[in-house]
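# Structure assessment
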Amino acid sequence: MIPELGHFATMLALLVAIVQGVMPLLGAHRNRSAWIALARPAAQAQWLLLLLAFGCLSYAFYANDFSVGYVAEHSNSRLPALYRFAAVWGGHEGSLMLWVLMLATWTLAVSLFSRALPEAMVARVIGVLGLVSCGMLLFILATSSPFERLIDIPADGRDLNPLLQDPGLVIHPPMLYMGYVGFSVAFAFAIAALLSGQLDAAWARWSRPWTVLAWIFLTLGVGLGSWWAYYELGWGGWWFWDPVENASFIPWLVGTALIHSLAVTDKRGAFKNWTVLLAIGAFSLSLLGTFLVRSGVLTSVHAFATDPRRGLFILVFLVVVIGSSLLLFAWRAPKVGLGGRFALMSRETLLLVNNVLLVVASGSVLLGTLYPLLIDALGMGKLSVGPPYFQAVFVPLMAPLLFLIAIGPLARWKQARTGDLVKRLRLALAVAAGIGVPLVFGNWTPLVGLGLLLAVWIIASGVAQIRDRYRSAAGKRVPRAFWGMQLAHIGVAVFVIGVTLVKGYETEKDVRMAPNDTVQVGGYTLRLLGVRGAMGPNYRAAVGDLELSTDGKVLRMIHPEKRAYFSSTMPMTEAAIDSNVFRDIYVSLGESLGGQDGIGAWSVRVHYKPFVGWIWGGCLLMALGGLVAVSDRRYRLSAKVAAPVAGGLQGASA
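Residues numbered from 1 in each chain as written. Predicted model: local features only at pLDDT ≥ 70, side-chain atom pairs only at ≥ 80, totals over all residues. Heavy atoms only, no water.

This part takes up the side chain of Asp-266. If you trace the backbone, Asp-266 turns up in helix H10 (residues 243–268). Here Asp-266 falls in the buried class, since its relative accessible area comes to 4%. A polar atom in the side chain of Asp-266 sits 3.0 Å from the side chain of Arg-205. (Helix = DSSP H or I, 4+ residues; strand = E, 2+ residues; numbered from the N terminus. Buried < 20%, exposed > 50% of the residue type's maximum accessible area, 1.4 Å probe, protein only. Polar contact = N/O pair within 3.5 Å; in protein donor to acceptor, adjacent residues only side chain to side chain.)

Here you go:
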């Protein structure tokens, strides 16, 4: 009866979502306080119902209830308990249940932590989120229910995709979905502001912490996905421009533009229309990513669904959400003032250029992702757009963006003097020019030099900003938002250093190795001692025993694996990685070239990757910077304080 309870709870959640989506919006429109008051209880009731439904599905996996079709498809009695839990979202239906649970969690958070805001605004925000939830719950109940029973119950399940049987996949999808779905809050605030006709600075201030939180989760999700692909797929790469990777990266780019645009709208009352468009765009691109992954139009290690009905439903839902939002924007936008004026050289202008570059970059990635699908749909043949396109288009857009990261925070609002900026940045430029040339590596290339120059330029500029802030603070406490910005920008610099050095100086060798053979890479020596058989809970493995040494000193043993899962005919590679702060030694075991039981030769791939860990360290610093910024006390201002501030900004703008 547990699956039936889960299905019933999902149906009740849909009914509650309808109430949540309709009544508060009507109440705010007609000024009915009783209807407005329904918003928070409805949001909390929907979260409880979806938590119950998700719990029922999780229990079905825990209990190996193979009478449930979704459990039989994605689990197995030999599957370890940790992966049995991760299997809940390992397929299409369960991942959508996770999606709506995350949406309900964000809505619950808004209902609990927005009590200082005007009730009508909160009712509109929760109402918009309720309508989004209605669409997704209808999608689940109509085409993708994970609770359906089987008539012929199998003795055992088919097992979880071996690629997904990894600890990283326990954390990665929830993080990614929290980011994806989190942009729905920024979207709801923007739509609520359009509905109320009050597109002032207040809504931007109220929306900023929610948007930054969503961006933090998405940053961690994208970073975790890259890390998982690096160590799990056995190719040694950290980003493949895979269509599903792009589907999460595109909203991240637009979300990054959004948090900077919200800052301008909050501080200066400018960019109001542009900020609303970015909020609509960030969430719409998250829905588009859902469509791409769930519709079956993509072929990827991450993509799940292949049912065209599902793709059609999501496409219609996407058109309704984007179309209605843009119609509302077109109706309200002409009535919105331009906000505060600013000169050509000002912080506002630099942030606008930042926004344009990020949006153009996201558009270029979107084009490269969708163009092959369009060509295929028009019957014009098959076309593959790979890394050369993305690197040729994306990198030139990022170089000026990285240059501006160092300048923007030092520029003054409204008007900045070029001479003043040059004076404040001359030391940073000198340091960058001195350190940015990587002659120490002995193999200089223009791209490596440019990458290190820009990274050091950002760090040196950050030091200059901290120096100037302390000089002007006069004993006052420096706000956390400033430190969060510095951490995030340093994270970008650390990320750029990692990408630049690993792309410029990595080495790779594919070799044939028999026992006692050695291979040298990056000043290290690897000796193959043998390959032995091993049994896992649901797989059989060939495990390589390799000795890693340098200068004749043995550092450690490493053990790459080649696994054959009982439920799959596809062999899986489990790389062995020896990491430190400055490099990775990455070893993957290929196919046997003759012999067995450790006797005979094997193909082995060995990589030396300098500073590759800095890529994910940079992502972590970016997320940490966002967390520090969102803890700033200014985001906890009450509505009574925020409203006069917004009014004051409008007056100043006029």
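Another aspect to go through is the pairing of strand S8 (residues 576–579). Side chains of S8 alternate between two faces, with Ala-576 and Asp-578 buried and Ile-577 and Ser-579 left unburied. Pairing between S8 and strand S9 (residues 583–592): 4 bridges, direction antiparallel. When the bridges of S9 are listed, Ile-577 appears paired with Tyr-586. The hairpin formed by S8 and S9 contains 3 residues between the paired strands. (Pairing = 2+ DSSP bridges.)

Strand order in this open sheet of 4 strands is S1-S10-S9-S8, and the pairing throughout is antiparallel. Every interior strand has two partners, whereas the edge strands, strand S1 (507–513) and S8, have only one. Averaged over neighbouring strand pairs, the angle between their axes works out to 15° when direction is ignored. When S9 meets strand S10 (residues 602–610), the two strands line up antiparallel, connected through 8 bridges. Residue pairing in the sheet places Val-587 in a bridge with Val-606 of S10. Across the sheet, helix H9 (residues 201–232) lies against S8, S9 and S10, angled at about 50° from S9, the strand it touches most. Running over the sheet, helix H17 (residues 480–505) touches S1 and S10 and is turned about 135° from S10. (Axes fitted to C-alpha atoms, helices over the stretch in contact; angles between N-to-C directions. Contact = heavy atoms within 4.5 Å.)

By size, the foremost hydrophobic cluster in this structure holds 173 residues, and its most contacted members are Trp-99, Phe-189 and Trp-203. If one sorts the elements of this core by residue count, helix H8 (residues 168–196) sits on top with 18 residues. In terms of domain composition, this core takes at least three residues from each of domain 1 (1–165) and domain 2 (507–611). Here Trp-203 is in contact with Met-121, Ala-186, Phe-189, Ala-190, Ala-193, Gln-198, Leu-262, Thr-275 and Val-276, once residues within four sequence places are set aside. Listed in part, the 19 residues of the second largest apolar core include Val-521, Leu-528, Val-587 and Tyr-608. (Core = buried A, V, L, I, M, F, W, Y, C linked by side-chain atoms within 4.5 Å. Domains from an automatic or database assignment.)

We now examine the pattern of salt bridges. For the structure on display, the rule yields 17 salt bridges. Close ionic contact of Arg-158 with Glu-73 constitutes a salt bridge, the shortest N to O distance being 2.8 Å. In this pair, Arg-158 sits in the loop between helix H7 (119–143) and H8 while Glu-73 sits in helix H4 (residues 69–74), placing the two residues 85 residues apart along the sequence. Accessibility expressed as a relative area gives 56% for Arg-158, which makes it exposed. Since its relative accessible area comes to 35%, Glu-73 is described here as partly exposed. Between Arg-605 and Asp-510 there is a salt bridge, with the nearest N and O atoms lying 2.7 Å from each other. Taken together, the residues span a long stretch of sequence, with Arg-605 in strand S10 and Asp-510 in strand S1 at a distance of 95 residues. If you follow the salt bridges from partner to partner, you end up with Glu-4, Asp-65 and Arg-149 in one network. (Salt bridge = Lys/Arg side-chain N within 4 Å of Asp/Glu carboxyl O.)

Attention now moves to the packing of aromatic side chains. Geometrically, a pair of aromatic rings is defined through the distance of the ring centres and the angle of the planes. Taken as a whole and assessed by the stated rule, the structure comprises 27 aromatic pairs. Taking the centre distance of 5.5 Å and the plane angle of 80° together, the rings of Phe-61 and Tyr-70 count as edge-to-face. The burial state of Phe-61 is the same as that of Tyr-70; both residues are buried. A ring pair is formed by Phe-611 and Trp-614, whose centres lie 4.9 Å apart and whose planes are at 75°; its orientation type is edge-to-face. Looking at Trp-614, the relative accessible area reads 23%, which means it is partly exposed. Here a set of aromatic residues connected by ring pairs shows up, and it is made of Trp-215, Trp-239, Trp-241, Phe-249, Trp-252, Tyr-389, Phe-390 and Phe-394. (Phe/Tyr/Trp six-rings, centres within 6.5 Å; stacked < 30°, edge-to-face > 60°.)

This next bit is on the pairing of strand S4 (residues 539–550). In terms of residue burial, S4 counts as a mostly covered element, since 10 of its 12 residues are buried. Pairing of strand S3 (residues 524–535) with S4 involves 10 bridges; the strand directions are antiparallel. Among the inter-strand pairings, Gly-533 is bridged to a residue of S4, identified as Ala-542. In this sheet, strand S6 (residues 561–565) lies alongside S4 in antiparallel orientation, the contact comprising 5 bridges. Across the sheet, residue Ala-541 finds its bridge partner in S6, namely Arg-563.

Before going further, it helps to spend a moment on a nonpolar patch on the surface. On the surface, Ile-2, Leu-5, Phe-8, Leu-52, Tyr-59 and Tyr-62 cluster together into a nonpolar patch covering about 600 Å² of accessible area. Listed by contribution, the elements that provide at least two residues to the nonpolar patch are helix H1 (2–30) and helix H3 (39–62). Examined against the element boundaries, Tyr-59 turns out to sit in helix H3. (Patch = residues over 30% accessible without salt bridge, like charges linked within 9 Å, V, L, I, M, F, W, Y side chains within 5 Å. Areas by Shrake-Rupley, 256 points an atom, 1.4 Å probe, with all protein chains shown as cover.)

Take the packing of H1 against H3 next. Running from N to C, H1 and H3 point in directions that differ by 160°, and their axes come no closer than 8 Å. Taken together, the axis directions place H1 and H3 in an arrangement best described as roughly antiparallel. For the pair H1 and H3, the sense of crossing is left-handed. The segment H1 lies against H3, with Ile-2, Leu-5, Gly-6, Ala-9, Thr-10, Leu-12, Ala-13, Val-16, Ala-17, Gln-20 and Pro-24 engaging Ala-39, Ala-42, Ala-43, Ala-45, Gln-46, Leu-49, Leu-50, Leu-52, Ala-53, Cys-56 and Tyr-59. Within the contact of H1 with H3, the residues separate by chemical class into 18 nonpolar, 4 polar and no charged. (Parallel < 35°, antiparallel > 145°, perpendicular 65-115°, else oblique. Left-handed = near helix turned anticlockwise from the far one by under 90°. Nonpolar A, V, L, I, M, F, W, Y, C, P; charged D, E, K, R; others polar.)

Let's shift gears to H10. Given a rise of 1.5 Å per residue, 26 residues ought to cover 38 Å, and the 38 Å separating the end C-alpha atoms of H10 matches this to within 8%. Summarising burial for H10: 23 of the 26 residues are buried, a large majority. The opening residue of H10, the one whose side-chain oxygen lies 2.8 Å from the backbone nitrogen of Val-244, is Asp-242. Within two residues after H10, Gly-269 carries a phi angle of roughly 70°, on the positive side. (Expected span 1.5 Å × (residues − 1).)

Function cannot be inferred from these measures alone, as they are strictly geometric.
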